[in-house]
Amino acid sequence: MARQGDALKTFAFRSGKANAPYFVLLHTEEDPEQDDWAEYVRAIGVMVASEGRHVHAFVATDGGGPNASQRQELASVVQGSRGAVTHVFTTNSFVRGIVTAFRWVAGARALAHHPREFLEVCERCNVSPYEVLADFGAAQKSLPRIEVLDQLVGSVNPARVSEGG
């Protein structure tokens, strides 16, 4: 398991740009560390301000996500901007509720999806699911295993999951 100092890392993100700019975010079951979250908020703020089109954020979470103050930080960057769209892939009903609340409170474009919808969401966003998965894989190296990420891989390549890998 990856460690940041003596603390277990709970969150990782990475940016990508295929046909459209995007971020991938991975969450364990815990809230992101504040420094990591602040770095993400800065990065998405820069990308949203500099891109003349949508910036997608693909999130895979096993149950963790930003806490209330972290959601407020993000809302202050994306509120009023129609340039950021967040796609949260999870099987956790509590996280799905947070996504809905964030959408209502912040006016953000955030949607919760089941992991099996990954391929369809990538196609609608005009982003290669294979490039997104490669970026997720790179981000995964700094965290404990994220089970939802395995489900995303399985939604694109069911044989890989049935082979155990």
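Described in the following lines is the structure provided in the data block. (Residues numbered from 1 in each chain as written. Predicted model: local features only at pLDDT ≥ 70, side-chain atom pairs only at ≥ 80, totals over all residues. Heavy atoms only, no water.)

Here we come to helix 2 (residues 68-78). Three or more residues of helix 2 are buried, namely Q70, L74, A75 and V78. The arc that holds every buried residue of helix 2, seen down its axis, measures 140°, which confines them to one face. Counted as exposed and oriented over 90 degrees from the buried face of helix 2: A68 and S76. (Buried < 20%, exposed > 50% of the residue type's maximum accessible area, 1.4 Å probe, protein only. Helix = DSSP H or I, 4+ residues; strand = E, 2+ residues; numbered from the N terminus. Arc of directions from axis to C-beta.)

With respect to the helices and strands, the residue H87 is situated in strand 6 (residues 84-89). Since its relative accessible area comes to 4%, H87 is described here as buried. The contacts of H87, once residues within four sequence positions are left out, are H56, A57, F58, V59, L111, H113, V121 and C125. (Contact = heavy atoms within 4.5 Å.)

Here the focus is the sheet that holds strand 3 (residues 11-17). Read across the open sheet, the five strands follow the order 3-4-5-6-7; overall the sheet is mixed. Single-partner strands in this sheet number two, and they are strand 3 and strand 7 (109-113). For this sheet the average axis-to-axis angle between neighbouring strands, irrespective of direction, equals 15°. On the sheet, helix 6 (residues 147-156) packs against strand 4 (21-27), strand 5 (55-61) and strand 6 and is oriented at approximately 115° with respect to strand 5. (Pairing = 2+ DSSP bridges. Axes fitted to C-alpha atoms, helices over the stretch in contact; angles between N-to-C directions.)

In the structure shown here, the tally under the stated rule is four salt bridges. For the salt bridge of R124 with E120, the shortest nitrogen-to-oxygen distance reads 2.8 Å. Of this pair, R124 and E120 both sit in helix 4 (residues 118-124), separated by four residues, roughly a single helical turn. (Salt bridge = Lys/Arg side-chain N within 4 Å of Asp/Glu carboxyl O.)

Next up on the list: the side chain of T61. Turning to its location among the elements, T61 is positioned in strand 5. Engagement of the side chain of T61 in a polar contact is seen with the backbone nitrogen of G63, the distance being 2.9 Å. At 2.5 Å, the side chain of T61 and the backbone oxygen of G64 are in polar contact. (Polar contact = N/O pair within 3.5 Å; in protein donor to acceptor, adjacent residues only side chain to side chain.)

In this structure, L26, F58, F118, V132, L133, F136 and L152 are the most contacted members of the largest nonpolar core, which totals 24 residues. Elements with a minimum of two residues in this core: strand 4, strand 5, helix 4, helix 5 (129-140) and helix 6. Here this core gets five residues from one element, more than from any other, and that element is helix 6. Here V132 is in contact with Y22, V24, F58, F118, C122 and V127, once residues within four sequence places are set aside. The next biggest cluster of nonpolar side chains, apart from the first, holds 23 residues, and it includes F23, W37, M47 and A110. (Core = buried A, V, L, I, M, F, W, Y, C linked by side-chain atoms within 4.5 Å.)

For the rest of this paragraph, the subject is helix 1 (residues 34-50). Here helix 1 is 17 residues long and its end C-alpha atoms lie 24 Å apart, about the 24 Å a rise of 1.5 Å per residue gives. All of the buried residues in helix 1 are D36, W37, A38, Y40, V41, I44, M47 and V48. (Expected span 1.5 Å × (residues − 1).)

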